[in-house]
Protein chains: 2
Amino acid sequence: MKVYIEPIGRLINEFSKLPGVGAKTAQRFAYKVINMSKEEALAFSEAIINVKNNVRYCKICGNFSENDVCDICKIRSADTICVVKEPKDVIAIEKLNEFNGVYHVLHGTISPLDGIGPNDINIKGLLERISKGGINEVIMATNPDVEGEATAMYISNLLKPLGIKVSRLAHGIPIGTDLEYADEVSLARAFIDRKTL
Amino acid sequence: MKVYIEPIGRLINEFSKLPGVGAKTAQRFAYKVINMSKEEALAFSEAIINVKNNVRYCKICGNFSENDVCDICKIRSADTICVVKEPKDVIAIEKLNEFNGVYHVLHGTISPLDGIGPNDINIKGLLERISKGGINEVIMATNPDVEGEATAMYISNLLKPLGIKVSRLAHGIPIGTDLEYADEVSLARAFIDRKTL
């Protein structure tokens, strides 16, 4: 005899598709839903479908948007473009309240080992935006890993001949970290990129 | 400006209602849903509503059921009743494939501090089942905490005058635990309940 009745087994199966959710956690989530009111469960269910129906990509920057053009592209001046790998990187930067320009989401980084070349990510869209003029600076905010660095270098090499200033997020030891605990790569980078006081 | 667009913010909010899910995890779950196909998201959404629409309590044992009477009550002989606190305890015992009798789900345990008395949990239903006859043994499988023990004692005192054998799950040191690491309460209990070889 199967252990779970069908509707519960099905819901546990759906929850276990979420990242980092195993059988035990999926079971806990399912019991939580069973104990929700019908209205709460309906709201949960609708939020899932709603996100699929109403979230698309901004046709300018490639970020998540409810409309053809996202709120950031609609409102902000576009003389500085911050280039990121994924939409969630936009969220991370927006939370800082430090950057007031616009974004460009590549939806990936160049990774020859995975068969992802420059044409497989949204570099063409970036070049089109820049060719329309008015851009002073492009900030490369891809991740500080091999693929992110390679992508930043590749795009930088494309843009420099066009007279665009290309910058990269600073690397170094994280604030609040003791020197002895900093990882070696970050510490080495902090030496190389040291600033004159 | 709000950081998330409305549909994503709403879904993150729904996910963060799940037990043990904070803002970061809820965000990861939401991105996973955004990256699902429409069919997958629909299946997920429907599984949530389906569980609310099709899961009820078995009118005999109080376990989760798709019908008025659950599959266990329908199929199994009912001379041994295993009494548990919650439906998820039934799952835990069913997974063992050791017990072949029927269950009774109390939906709580007696807890005077929380204002939960014997009339607030499903003891009446248990007495009704037993009054119909044919029950040889009642296994008290409530949790080994203060409330679980009190509930087991309370029900045991009700049933013994009726000539029903009442048993309790054995407590002691878990299999595979070294003596020096066993918690003191379990070790003390293992001494008290020691078996003659």
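Peer 1: In this structure, what is going on with the overall build of chain A? I would like to understand it.
Peer 2: The secondary structure content of chain A amounts to eight helices and six strands. By the compact-globule yardstick of 16 Å for 197 residues, chain A is too spread out, its C-alpha radius of gyration being 22 Å. Seen through its C-alpha atoms, chain A measures out along the principal axes to roughly 70 × 50 × 35 Å. Residue burial in chain A is summarised as follows: out of 197 residues, 44% are buried. Long-range contacts, defined here as pairs at least 24 residues apart, represent 46% of the contacts in chain A between residues at least 6 apart. Just so you have it, chain A exposes about 11,300 Å², and 53% of that area is on carbon and sulfur atoms.

Peer 1: Honestly, the pairing of strand β4 (residues 102–105) of chain B in this entry has me stumped. Any pointers?
Peer 2: Consecutive residues of a regular strand have side chains that alternate between opposite faces of the sheet. Residues and elements named next belong to chain B. What you see with β4 is no split at all: V102 and H104 on one side and Y103 and V105 on the other are buried throughout. As judged from the four bridges shared by strand β3 (residues 80–84) and β4, these two strands associate in the parallel manner. What sits directly across from C82, in β4, is Y103. Regarding the hand of the β-α-β motif, the stretch spanning β3, helix α5 (residues 87–94) and β4 is right-handed.

Peer 1: Can you help me understand the pattern of salt bridges in this one?
Peer 2: Oppositely charged side chains are able to pair whenever their charged atoms sit close together. Under the counting rule described, the total for this entry stands at 20 salt bridges over all chains. Residue R10 of chain B pairs with E6 of chain B through a salt bridge whose shortest N-O separation is 3.9 Å. Placement of the pair is R10 of chain B and E6 of chain B together in helix α1 (residues 6–15), with a separation of four residues, close to one helical turn. According to the relative accessible area criterion, R10 of chain B is partly exposed, its value standing at 30%. Accessibility expressed as a relative area gives 36% for E6 of chain B, which makes it partly exposed. Measuring nitrogen to oxygen at the nearest pair gives 3.4 Å for the salt bridge that ties E14 of chain B to K17 of chain B. For K17 of chain B, a relative accessible area of 36% puts it in the partly exposed group. Through salt bridges that share partners, E149, R168, R189 and D193 of chain A make up one connected network.

Peer 1: Can you help me understand the interface of chain B and chain A in this one?
Peer 2: Accessible area lost on assembly of the parts is the figure often given for the size of an interface. Opposite the 57 residues of chain B that make contact, chain A presents 57 residues. Counting each side, the surface lost to burial between chain B and chain A is near 5,300 Å², with a carbon and sulfur contribution of 71%. The interface formed by chain B and chain A holds zero salt bridges in total. Applying the counting rule to chain B against chain A returns nine residue pairs in polar contact (both at pLDDT 80 or more). Of all the secondary structure elements, the ones that give two or more residues to the side of chain B that touches chain A are α1, α2 (23–34), α3 (38–54), β2 (64–65), α4 (71–75) and α5 of chain B. Of all the elements, α3 of chain B adds the most residues to the side of chain B that touches chain A, at 16 residues. By residue class, the composition of the side of chain B that touches chain A is 31 nonpolar, nine polar and 17 charged.

Peer 1: Help me understand the confidence of the model for chain A, please; the structure alone is not making it clear to me.
Peer 2: Where the model shows low pLDDT, its predicted coordinates should not be examined in detail. Residue and element names in this part refer to chain A. In the predicted model, chain A carries a mean pLDDT of 90, and the fraction of residues at 70 or more is 99%. Mean pLDDT per element in chain A: helix α8 (residues 184–192) is the minimum at 81, and strand β4 (residues 102–105) is the maximum at 95. As a predicted assembly, this complex carries a pTM of 0.78 together with an ipTM value of 0.79.

Cut-offs applied
Counting restarts for each chain: residues are numbered from 1 in the order of the written sequence. All chains are assigned letters beginning with A, and all ligands numbers beginning with 1, in the order in which they are written. Whole-chain, interface and lining totals are the exception, using all residues; otherwise, since this is a predicted model, local features are given only for residues with pLDDT of at least 70 and side-chain atom pairs are given and counted only at 80 or more. Hydrogens and water are ignored here; the side-chain numbers use all heavy atoms of the structure. In this text, helices come from DSSP runs of H or I with a minimum length of four residues, and strands from runs of E with a minimum of two, each type numbered from the N-terminal end. C-alpha atoms define the radius of gyration in this analysis, and the globule rule sets the expected value at 2.2 Å times the number of residues to the power 0.38. We call a residue buried when its accessible area falls under 20% of the maximum for its residue type, exposed when it is over 50%, and partly exposed in between, using a 1.4 Å probe and counting protein chains only. By definition in these notes, contact holds between two residues if any of their heavy atoms fall within 4.5 Å. Computed by Shrake-Rupley with a 1.4 Å probe, the accessible areas treat only the displayed protein chains as cover when residues are assessed. What makes two strands pair is DSSP finding at least two bridges between them. Note on handedness: a clockwise path from strand one over the helix to strand two, with the strands aimed away from the viewer, defines a right-handed crossover. By definition, a salt bridge exists where a carboxyl oxygen of Asp or Glu is found within 4 Å of a side-chain nitrogen of Lys or Arg. The term buried area means the drop in 1.4 Å probe accessible area that two parts suffer when joined, counted for both and summed. Any pair of nitrogen or oxygen atoms within 3.5 Å is treated as a polar contact; in protein, a donor-acceptor pairing is required on top of that, and neighbouring residues in sequence qualify only through side-chain atoms on both sides. All amino acids are sorted into three groups, where Ala, Val, Leu, Ile, Met, Phe, Trp, Tyr, Cys and Pro are nonpolar, Asp, Glu, Lys and Arg are charged, and the leftover types, Gly among them, are polar. Known as pLDDT, the predictor's confidence for each residue is given on a scale from 0 to 100.

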